[in-house]
Amino acid sequence: DAGITQSPRHKVTETGTPVTLRCHQTENHRYMYWYRQDPGHGLRLIHYSYGVKDTDKGEVSDGYSVSRSKTEDFLLTLESATSSQTSVYFCAIKGDRENEKLFFGSGTQLSVL
Amino acid sequence: QQPVQSPQAVILREGEDAVINCSSSKALYSVHWYRQKHGEAPIFLMILLKGGEQKGHDKISASFNEKKQQSSLYLTASQLSYSGTYFCGTLGGSNYKLTFGKGTLLTVNP
C-alpha cells in the first residue's frame, strides 16, 4: 500500500472557525490532490499540487486554500468553516508517469455545526 | 467540468453482466477507473491512454474512444465482491488535473 496518511480522521467544528487538514506521503510523489465527496456529487476536486509551492484550483475551490512547503505534505485550510463544507475529504497522490494511478488516503470526515 | 457517468445505479444478480459509461465534453488524454466500497477509499482498477486501447483485469475490462471522448467499463459474470460505487476520472491535456464523475452505484445480489 502507498504511504499516504490523512489527519485528523474525524473532526467536528463550529461555523466560522478555521480548520486545517493534513495529507502526508512517504512516496515522494510529485502530484497531490484534495477531493471532497458528498452524496450525489461524487468526488469533486478542490485543489491540486504539481510540486513544492506549485498549486492550482479545482472545480470547487471557493472557501479553501492549500499549501505545499515540502514534497511530503499538502495542507488544506478552511479559513472560516461553513456548514456546506461538511463532507468527507480525500487526499490522493500520483507519480510522474502518464500511466500512473492515484493512491487515496483513508479520508477525513469533517462536520461543521 | 465533471465527466458524465451512466447509469447512476444498477442492480444485478450474481453472474450477470453490466456496462458503465463515461463521457466528457472536452478532449481527453486518459481515463481512470476506480471502485469504492462504502466507508472506504477509492481503489484503482485501470487506466486507459489515448489510442483506443481496451484493457482487462480478471472479468473487468474497459475501452476508450478518444474521438468520441467516451470510455466504457465492462463487468462480466459479476461477483458479489463487485458491489460498490464506480468512478471514472478524466485527464484533459497534460496538466494532471484529474476530474471524476458522480459515480455509478453497482449492487450485486446473490
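Refer to the structure printed above.
None of the values given here were measured: they were computed from a predicted structure. (Residues numbered from 1 in each chain as written. Chains lettered and ligands numbered in written order. Predicted model: local features only at pLDDT ≥ 70, side-chain atom pairs only at ≥ 80, totals over all residues. Heavy atoms only, no water.)

Would you take a moment to explain the pairing of strand β7 (residues 64-70) of chain A for this structure?
Successive residues of a regular strand alternate their side chains across the two faces of the sheet. Residues and elements named next belong to chain A. Of the strand pairs in this sheet, β7 and strand β8 (residues 73-78) are connected by five bridges, and their pairing is antiparallel. The residue bridging S67 from the neighbouring strand is L75, located in β8. Counted between consecutive antiparallel strands, the loop separating β7 from β8 contains two residues. (Pairing = 2+ DSSP bridges. Helix = DSSP H or I, 4+ residues; strand = E, 2+ residues; numbered from the N terminus.)

Whenever I open this one, the packing of aromatic side chains confuses me. Can you help?
Here the distance between the centres and the angle between the planes together describe a pair of aromatic rings. In total, this model carries 13 aromatic pairs over all chains according to the counting rule given. Taking 6.4 Å as the distance between ring centres and 50° as the angle between the ring planes, the aromatic pair formed by Y48 of chain A and Y50 of chain A counts as tilted. Taken together, a centroid distance of 6.3 Å and an interplanar angle of 90° make the contact between F90 of chain A and F104 of chain A edge-to-face. Separated by 14 residues along the polypeptide, F90 of chain A in strand β9 (residues 87-94) and F104 of chain A in strand β10 (residues 102-104) bring together distant segments of the chain. Side by side, F90 of chain A and F104 of chain A carry an identical accessibility label, which is buried. Through pairs of rings, three or more aromatic residues link up here, namely Y33, Y35, Y48, Y50, F90 and F104 of chain A together with Y34, F44, F87 and F100 of chain B. (Phe/Tyr/Trp six-rings, centres within 6.5 Å; stacked < 30°, edge-to-face > 60°. Buried < 20%, exposed > 50% of the residue type's maximum accessible area, 1.4 Å probe, protein only.)

What exactly am I supposed to notice about unusual backbone geometry here?
Excluding glycine, a negative phi dihedral is what most residues carry, and trans is how most peptide bonds are arranged. For the bond from S7 of chain A to P8 of chain A, the omega torsion is -10°, close enough to zero to count as cis. Assignment of secondary structure puts P8 of chain A in the loop between β1 (4-7) and β2 (10-13). Phi is positive for Q69 of chain B, close to 55°, though the residue is something other than glycine. On the secondary structure map, Q69 of chain B appears in the loop between β7 (60-65) and β8 (70-75).

Hey, could you run me through the interface of chain B and chain A in this one?
When the parts come together, some accessible area is lost, and that loss is often what is quoted as the size of the interface. Taken together, the contact between chain B and chain A spans 20 residues of the former and 26 residues of the latter. For the pair chain B and chain A, the two sides together bury roughly 1,900 Å², of which 60% comes from carbon and sulfur. Taken together, the connections running from chain B to chain A amount to zero salt bridges. Across the chain B-chain A interface, the total number found is six residue pairs in polar contact (both at pLDDT 80 or more). Its residues assigned to classes, the side of chain B that touches chain A shows 11 nonpolar, six polar and three charged. (Contact = heavy atoms within 4.5 Å. Buried area = accessible area lost by both parts, 1.4 Å probe. Salt bridge = Lys/Arg side-chain N within 4 Å of Asp/Glu carboxyl O. Polar contact = N/O pair within 3.5 Å; in protein donor to acceptor, adjacent residues only side chain to side chain. Nonpolar A, V, L, I, M, F, W, Y, C, P; charged D, E, K, R; others polar.)

What is the right way to read the sheet that holds β1 of chain A from this model?
Strand pairs in the sheet, formed through backbone hydrogen bonds, run parallel or antiparallel to each other. Residues and elements named next belong to chain A. Across the sheet, which stays open at both edges, the four strands sit in the order β1-β3-β8-β7 with antiparallel pairing between neighbours. This sheet does not close on itself; its edge strands, each paired only once, are β1 and β7. Taking the axes of each pair of neighbouring strands and ignoring which way they run, one obtains an average angle of 15° across the sheet. Of the strand pairs in this sheet, β1 and strand β3 (residues 19-25) are connected by four bridges, and their pairing is antiparallel. Looking across to β3, one finds that T5 is bridged to H24. (Axes fitted to C-alpha atoms, helices over the stretch in contact; angles between N-to-C directions.)

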